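# Examining the three-dimensional arrangement
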Amino acid sequence: MDFPKDLKYSKEHEWVRLGDDGVAVIGITAFAQDELGDIVFVETPKVGQNLKAGQTFGVAESVKTVSDLYSPVSGEVVEVNTNLLDSPELVNESPFGDGWMIKIKMDDPAELGSLLSSQDYQKLTQKG
Amino acid sequence: MSSQSQQGLNFTEDEIFGRGSPGRGGYTPPESGLPAIDPQSALPIGALRKDLAGFPNLTEPEVTRHYTRMSQWNFAVDLNFYPLGSCTMKYNPRINEAVARISGFSTLHPLAPDNQAQGTLEVIYNLERWLCAISGMDAATLQPAAGAHGEFTGLLMIRAALTARGNPRKKVLLPDSAHGTNPASTVYCGYEAVTLPSGPDGRIDMAQLDRLMDDQTAALMVTNPNTLGIFETDILEVSKLVHDRGGFLYCDGANLNAFLGKARFGDMGVDVAHINLHKTFSTPHGGGGPGAGPVVVKQELEPYLPFPLVEQTGGGDYRLEYDRPMSVGRVHGFFGNTGVLLRAAAYTLSMGPEGLAQVAEAAVINANYIRARLEGHYHIPYPGHCMHELVITDKIQNEYGVTTLDIAKALIDRGFHPPTIYFPSIARGAMMIEPTETESLETLDQFCDAMIEIAGEARANPESLKAAPVCTVRARLDEATAARRPQLRCSMCG
Amino acid sequence: MRYIPLSPQDKEKALATIGASSVDQLFADIPEAARMNHPLQIPGPLPEMDLMDWFETAAEKNTHAGPRKTFIGAGAYVHHVPVAVDHLISRTEFFTCYTPYQPEVSQGTLAAIYEFQTYTAALLGMEVANASMYDGPSALAEAVIMACRVTGRDKVVMPDLVHPHWRQVVQTYTQHLGIDIILAPMASDGVCDPEKLAAAMDQRTAAVVVQSPNFFGHVEDMAAINKAREESGALLIGAVAEPMALGLLQGPGASGADICVAEGRSFGGSLGFGGPALGMFAVQNSLARKMPGRLVGKTKDTKGQDGYTLTLSTREQHIRREKATSNICSNQALMATAAAIHISLLGQNGLRETALANLAASHYLAEKMTAIPGVKMAFDQPFFNEFAVTLPMDAQRILGDLASAGYLAGPNLGRWYPEMNNTILLCATEVHSKKNIDALVAMIAKGTV
């Protein structure tokens, strides 16, 4: 199970990668996709939508379950991974790479401070 | 020829679209002796369809073979044990089918004048009274076409009654073990669905109920026995609390088979309930319907029943009353699934008071018999006797990497339909087993023997269960691809 | 008791295994105050012969005209369903099974429903259809709710030419959802006026509903109405009460409808005092994940063979609960199977031939009716198998006289449209012979003298 050290994590099993341009790439973790099973559909927000940290931005569906997706940070949605429409399995195959879900131009990069490190997130997954 | 014997009496059969050849047809319309009308002159040309591409051209024998072969791919109650929990897969008496097909019933147009529909109106009127007697309630509507439809109708009536009292309120309480239709019906009535966590014994937790039942809660929706197969022993205290706080008690009647003739909703403080005729009253499940979900109510809710109602005039005739100013409205185009109502009425008359009381006893004995035989082999999360159904889980088998899904598929190979799986979700890996009263002890023994054998395989040879089912026309189906790239129709057609 | 195998001996053995001394112990959880201490107050039991007597006696009190003398449509159309249909749905494997939760042992039902979905979509001119709803009216109600949900808007325009019962069901379903149903009065024209419809729509309109053929039997100009709704961005919901018409006419999808619903009773069903019925529900692909109801999809099994399974289940109540697209669980599966079988027996030619026979019968009836002095077509609009005529005398009395004479006609539109009190609907289909049509006309003609 992968817990890339260069990422930040939320308690709801999302990861964040902040680029130099202030744009955060967001997806769900390897642990999350494993729990959900085969992802069959990802519902994403519209480009231009404003999100607050903790707000739901969409839904990940597997055959028998549905999981709300929570934005770890606040900002405007600048891009959505349209490849997921035809190939939702990218989330299973490459959750930290091609399976990314949305990109947000962060309002306040300091928000990353309140997210979990790779080590802390890994501990969290071992608890339940 | 594209359809052929696969092996002996096991047949493959292709889809019907595009098959046959022009000149073949399975139906001959009657001779009318009327002049033909040219559609191009009678109807707007732009509205005419060009053709029915992909529709078949087959004769009656070919069509008959097609569907007969397809039917053989199905498991059914008439073949073997079908213990789907909360579905009450009891035997469907054939006399019910004969009754529903009496031509005086089947040829009656829904808009025929009342005085020519006295027979059907009599049956509807009587079935309402019988369901009221059975459930201890005062009035009924037979319009809802399924349990969920009944839930929606019942909740509408609760809302109407509360509105008449001055405040419709905002929320409905639902146990965490509730069937998914319960919360879905709740939001259709403009209410918020609030979850009531169950106690450690699987029953309603009175402390939680006390905490959550407030003056903005319109109703508590219970299922009794609940979806774990356990009777809500505190039901009288529950109803008192709900009523004291100005709310209504709704009972989902899916599990009525547990106490027919032994107890009645009305005596438990229930204000409104639906009954699933395709469960408790033996009408066939049909692959997913048609069913019927009549709603029975206490007198206070009678004015809100959907219109029209069947009333009896002074002279003993029946008539349809449409002038019901406080009615919640119409939930069905006509009067509900009348053919299903006829079957349920036939069943009620077939069984009579003694027969129905025996139903519950046998159903509960059968479920407890299975419980006793499976004890030790499977994890049973809630101790003590169950009612007409029981919940077991895959906890023991998990140790060997075997899941409820594997056990279900392994049962198929041994000739049984699996129980309901993964519901209710408060019991992880649940298998809900409801035998019903129409099964013999021999059948229950065969089922338990198979379950025990599977438990043994789980220990000794778990991999063998992962491939199951292997004896069916199709192996496990790729549900992920079906949901990712849905193919929901044949594109050749239309 | 012939349906309960548990004999007294079996009971003893079972109780011993359970470790209970009596059955009463197993019911101990029911509080004393809630237990019944008297037998159920219901009649019976009746053995089979007596049971049949009871119901046959009741059925004889239905003194209505037979199907070939029933000239009423109004949402329930008289057709001959080939006898083979009932035999095939009486195959125990089709009717004593339940929802296909375990696809490996339900391929028969799944394949039949896949056929029904295909036929429904093809006839309505849409891309995808579901596994059925309770009936046309509740399907329309769900379509209205869906339209509001997907557009985020809260108004729906509904002409009064939509069947009154369908409109009532829509009202019942939407009354607490903050949805404003705007009734557009079009009855005086007999068909919808696209300009008037456009005027009733705005940026808050989620959908406009159009039934075609409408309640008066007239074919609506769906293409014009489709254009009329474009500016507002409202969805177009097409409703069909008589899908036999689709043997000749295009479905609303061909004219741009976003959602289509229909009452499928004409295929495989019987009049049966209105039930069981058959709701049909279809959308374009872009809305498939938002539609209510069950869906059967095609896929492969682990051996690579084509097969079917229930799919897109995350829309439904058992997974999504209060956020589901609908509360529907059981639907009308056996009736959908019957419809598929009926349509398969008719086939390409039979469906068209039957539709043509309907056209011939109704137009002959119309011609004969208007030859009666004082009887006029209420409107000059194209119709399929149903139309409205205005009578020069008391329609209620004439309909009553006809009923007593063994002919059912009507209904009287005054029942729902107060200004149309002596205008009645008449319906003639492939079951109505020249002889019966002539007899009906003669009786009405007598009534006018």
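The coordinates are above.
Residues numbered from 1 in each chain as written. Chains lettered and ligands numbered in written order. Predicted model: local features only at pLDDT ≥ 70, side-chain atom pairs only at ≥ 80, totals over all residues. Heavy atoms only, no water.

### A short note on a negative patch on the surface
Residues and elements named next belong to chain C.
- A surface patch of like charges, here negative, comprises Asp-50, Asp-53, Glu-56 and Glu-60.
- The topology assignment puts Asp-50 in helix H3 (residues 48-60).
- Judged by its relative accessible area of 37%, Asp-50 falls in the partly exposed class. (Patch = residues over 30% accessible without salt bridge, like charges linked within 9 Å, V, L, I, M, F, W, Y side chains within 5 Å. Areas by Shrake-Rupley, 256 points an atom, 1.4 Å probe, with all protein chains shown as cover. Salt bridge = Lys/Arg side-chain N within 4 Å of Asp/Glu carboxyl O. Lys, Arg positive; Asp, Glu negative; His and termini not counted. Charge placed at Lys NZ, Arg CZ, Asp CG, Glu CD. Helix = DSSP H or I, 4+ residues; strand = E, 2+ residues; numbered from the N terminus. Buried < 20%, exposed > 50% of the residue type's maximum accessible area, 1.4 Å probe, protein only.)

### Here's the deal with the sheet that holds strand E8 (residues 279-283) of chain C
Residue and element names in this part refer to chain C.
- Strand order in the open sheet formed by seven strands is E2-E8-E7-E6-E5-E3-E4, and the pairing between neighbours is mixed. Strands at the two margins of the open sheet, each flanked by one partner only, are strand E2 (128-129) and strand E4 (180-184).
- With two bridges joining them, E2 and E8 adopt antiparallel strand pairing. Residue pairing for E8: Val-128 is matched across the bridge by Val-283.
- On the sheet, helix H8 (residues 164-174) packs against strand E3 (155-159), E4, strand E6 (235-240) and strand E7 (259-263) and is oriented at approximately 160° with respect to E4. (Pairing = 2+ DSSP bridges. Contact = heavy atoms within 4.5 Å. Axes fitted to C-alpha atoms, helices over the stretch in contact; angles between N-to-C directions.)

### Here's the deal with the sheet that holds strand E2 (residues 14-18) of chain A
All names here are of chain A.
- Strand order in the open sheet made by the six strands is E1-E2-E3-E9-E8-E5, with antiparallel pairing throughout. Strands at the two margins of the open sheet, each flanked by one partner only, are strand E1 (8-9) and strand E5 (50-51).
- The pairing of E2 with strand E3 (residues 23-28) spans five bridges and is antiparallel. Looking at E3, one finds that Leu-18 is bridged to Ala-24.

### So, the nonpolar core
- Counting 222 residues, the largest nonpolar core has Leu-220 and Phe-281 of chain B together with Phe-55, Leu-197 and Phe-216 of chain C as the members making the most contacts within it.
- The element that contributes the greatest number of residues to this core is helix H10 (residues 338-374) of chain B, accounting for 19 residues.
- Viewed by domain, this core spans two of them, domain 1 (67-80 + 347-448) and domain 2 (84-342) of chain C, each represented by three or more residues. (Core = buried A, V, L, I, M, F, W, Y, C linked by side-chain atoms within 4.5 Å. Domains from an automatic or database assignment.)

### Concerning unusual backbone geometry
- With omega at -5°, the peptide bond leading from Asn-224 of chain B into Pro-225 of chain B counts as cis.
- For Pro-225 of chain B, the location among the structural elements is in the loop between strand E6 (217-223) and helix H9 (235-244).
- Each neighbour pair has its own omega, and for Gly-275 of chain C with Pro-276 of chain C the value is 0°, a cis peptide bond.
- Among the secondary structure elements, Pro-276 of chain C is positioned in the loop between E7 and E8.
- Despite not being glycine, Ser-86 of chain B has its phi angle at roughly 65°, a positive value.

### Some remarks on the interface of chain C and chain B
- On the chain B side, the residues contacting the 183 residues of chain C number 202 residues.
- Taking both sides of the interface into account, the surface hidden between chain C and chain B amounts to around 16,500 Å²; carbon and sulfur atoms contribute 64%.
- Looking only at chain C, the three residues that lose the most surface to chain B are Tyr-98, Glu-104 and Phe-273 of chain C, adding up to 6% of its buried area.
- On inspection of chain C and its partner chain B, the count reaches seven salt bridges.
- Here Lys-409 of chain B and Glu-104 of chain C are joined by a salt bridge, their closest N and O atoms 3.0 Å apart.
- Inspection of the chain C/chain B interface yields 92 residue pairs in polar contact (both at pLDDT 80 or more).
- By residue number, the principal contributor to the side of chain C that touches chain B is helix H12 (residues 333-370) of chain C, which donates 22 residues.
- Of the residues contributing to the side of chain C that touches chain B, the split by class is 90 nonpolar, 59 polar and 34 charged. (Buried area = accessible area lost by both parts, 1.4 Å probe. Polar contact = N/O pair within 3.5 Å; in protein donor to acceptor, adjacent residues only side chain to side chain. Nonpolar A, V, L, I, M, F, W, Y, C, P; charged D, E, K, R; others polar.)

### Points about the environment of Pro-308 of chain B
All names here are of chain B.
- With respect to the helices, strands and loops of the structure, Pro-308 is situated in the loop between strand E9 (295-297) and strand E10 (309-312).
- Separated by 27 residues in the primary sequence, Pro-308 and Phe-335 place their C-alpha atoms 7.9 Å from one another.
- Non-local contacts of Pro-308, meaning those with residues more than four positions away in its chain, are made with Gln-143, Leu-320, Glu-321, Tyr-322, Arg-330 and Phe-335.

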